[in-house]
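Next come the chains, spelled out residue by residue.
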Amino acid sequence: MNIGEVANRAGLPAKTIRYYEDIGLVRPMRDSNGYRAFRESDLHKLAFLGRARALGFSIADCRALLQLYEDESRTASEVKDIAQVHLSRIEAKISDLAEMRDTLRDLVGRCSGDDRPDCPILKSLADD
């Protein structure tokens, strides 16, 4: 199948598929005219990568997960370790976002929002 068809079936933009090829995550065959010829196995890998990226896994994590997926001697603990590290990063981001939300909520609540020039939001941003 060509890149347009595989893009449609995998739910990924063609540009992303070309990028994944450039960095070696997928290696489609080439027709005699030089066009990419994707196999079902390529489609499966691309769908796998699309789902992993949708969960926020990095390209490096995706590469490792794909290698583990293809390695029949893998252990579930190897996969879980990658997912656990990623989950920890997500939880840290959520914590950081909650802190930012609380700070901004407080600043917005203290700002009168009227025609006066003094504003606690600007004061907070200007303070060290």
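Residues numbered from 1 in each chain as written. Predicted model: local features only at pLDDT ≥ 70, side-chain atom pairs only at ≥ 80, totals over all residues. Heavy atoms only, no water.

### A few points about the overall build of the protein chain
(1) Moving on: If you tally the helices and strands in the protein chain, you get six helices and two strands.
(2) Moving on: The helix and strand sequence of the protein chain, counted from the amino end, reads α-α-β-β-α-α-α-α.
(3) Moving on: For 128 residues, the compact-globule formula gives about 14 Å, and the C-alpha radius of gyration of the protein chain, at 23 Å, lies well above that figure.
(4) Moving on: Expressed as a percentage of the 128 residues in the protein chain, the buried residues total 25%.
(5) Moving on: Long-range contacts, defined here as pairs at least 24 residues apart, represent 41% of the contacts in the protein chain between residues at least 6 apart.
(6) Moving on: Entry remark: accessible area of the protein chain is about 9,100 Å², with carbon and sulfur atoms responsible for 54%. (Helix = DSSP H or I, 4+ residues; strand = E, 2+ residues; numbered from the N terminus. Rg over C-alpha atoms; globule rule 2.2 N^0.38 Å. Buried < 20%, exposed > 50% of the residue type's maximum accessible area, 1.4 Å probe, protein only. Contact = heavy atoms within 4.5 Å. Areas by Shrake-Rupley, 256 points an atom, 1.4 Å probe, with all protein chains shown as cover.)

### Topic: the domain arrangement of the protein chain
(1) Moving on: Here the protein chain is described as being made up of domain 1 (1-74) and domain 2 (76-128).
(2) Moving on: Here the C-alpha centroids of domain 1 and domain 2 sit 35 Å apart.
(3) Moving on: Counting residues at the interface gives eight residues for domain 1, matched by eight residues for domain 2.
(4) Moving on: Buried area between domain 1 and domain 2, both sides added, is near 670 Å², and the carbon and sulfur share of it is 70%. (Domains from an automatic or database assignment. Buried area = accessible area lost by both parts, 1.4 Å probe.)

### Focus on the packing of aromatic side chains
(1) Moving on: Enumeration over the complete set of coordinates arrives at two aromatic pairs.
(2) Moving on: On the numbers, 6.1 Å between centres and 45 degrees between planes, the contact of Tyr19 with Tyr20 is tilted.
(3) Moving on: Judged by its relative accessible area of 43%, Tyr19 falls in the partly exposed class.
(4) Moving on: Given a relative accessible area of 4%, Tyr20 falls into the buried group. (Phe/Tyr/Trp six-rings, centres within 6.5 Å; stacked < 30°, edge-to-face > 60°.)

### Examining the nonpolar core
(1) Moving on: In terms of nonpolar packing, the biggest core is built from 21 residues, with Val6, Ile17, Tyr20, Leu46 and Leu49 touching the most fellow members.
(2) Moving on: No other element matches the five residues that helix α3 (residues 40-54) contributes to this core.
(3) Moving on: With residues near it in sequence (within four places) discarded, Leu46 still touches Val6, Ala10, Leu12, Ile17, Tyr20, Val26 and Phe38. (Core = buried A, V, L, I, M, F, W, Y, C linked by side-chain atoms within 4.5 Å.)

### As for the environment of Leu49
(1) Moving on: Residue placement: Leu49 occurs in helix α3.
(2) Moving on: Residue classification places Leu49 among the buried positions, given a relative accessible area of 0%.
(3) Moving on: The spacing of Leu49 and Val26 is 23 residues in sequence and 9.7 Å in space, taken between C-alpha atoms.
(4) Moving on: Contact partners of Leu49, with chain neighbours within four places excluded, come to Tyr20, Leu25, Val26, Cys62 and Leu66.

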